[in-house]
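Fold and contact review
Here is how the chains run, residue by residue.
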Amino acid sequence: MSTDLKQVNKFKKNSRRNDNRNEPKLVERLIKISRVSKVTKGGKKLSFRAIVVIGDENGQVGVGVAKADDVVNAFKKAKTDGRKHLIKIPITKSLSIPHRVTGDFGACKIIMRPSIEGSGVIAGGAVRTVLEVAGIKNVIAKQLGSDNLLNNARASICALGNLTTKSQVSKKRDLNLN
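Residues numbered from 1 in each chain as written. Predicted model: local features only at pLDDT ≥ 70, side-chain atom pairs only at ≥ 80, totals over all residues. Heavy atoms only, no water.

Close contact between helix 3 (residues 125–134) and helix 4 (residues 149–161) brings their axes to 8 Å; oriented N to C, the two are set at 45°. By the angle class used here, helix 3 and helix 4 are oblique. The handedness of the crossing between helix 3 and helix 4 is right-handed. Where helix 3 approaches helix 4, its residues A126, V127, V130 and L131 are matched on the opposing element by L149, N152, A153, S156, I157 and L160. (Axes fitted to C-alpha atoms, helices over the stretch in contact; angles between N-to-C directions. Helix = DSSP H or I, 4+ residues; strand = E, 2+ residues; numbered from the N terminus. Parallel < 35°, antiparallel > 145°, perpendicular 65-115°, else oblique. Left-handed = near helix turned anticlockwise from the far one by under 90°. Contact = heavy atoms within 4.5 Å.)

Bringing the nonpolar core into the picture now. Of all hydrophobic cores here, the largest spans 30 residues; its most connected members are M112, L131 and L160. When residues of this core are traced back to their parent elements, those giving at least two are strand 2 (43–55), strand 3 (60–68), strand 6 (108–114), helix 3, strand 8 (139–145) and helix 4. In contact with L160, not counting residues within four places along its chain, are V61, I87, I89, I97, M112, V130, L131 and I136. In terms of nonpolar packing, the next biggest core, distinct from the first, is built from six residues, A50, V52, A68 and A78 among them. (Core = buried A, V, L, I, M, F, W, Y, C linked by side-chain atoms within 4.5 Å. Buried < 20%, exposed > 50% of the residue type's maximum accessible area, 1.4 Å probe, protein only.)

With respect to the helices and strands, the residue S47 is situated in strand 2. Excluding anything up to four places from it in sequence, S47 contacts S34, R35, V36, K67, A68 and D69.

Dropping the structure here:
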């Protein structure tokens, strides 16, 4: 009987290992670590806030934010937060976006336009990081409004979430692609 349990446990361990192998390899990029403080009755309590972009460089991307008492824990918590907020985006054959799109978050506005192959990512700050981690290689992006890194990253995620493909539009309009 004990040998049967050992075999069952061995099978369970192997199945867990196989589940981890099936997950896509995600790339994490740190945008910013900032030291924040909370004023309490006993004085100031210092903690760290991490902003992380996570993606598979093949159309999946997410932004995670977390606070912790030390930098390492803040980074780990931000990574798990980013995994929870992953979105899937369509990418063209030329590794660009299908159409022009805008995204708003707070006072930030991001305008993205597809670009020809070989032009690279023309964007600044947090938007560049989000686009690179998403796997987009040819795009032009412009930040308008605020220069807050977190809001710019979230505005770019909002813009990428608004992307649609030709097949999605035709399905929504009940058209036939012929």
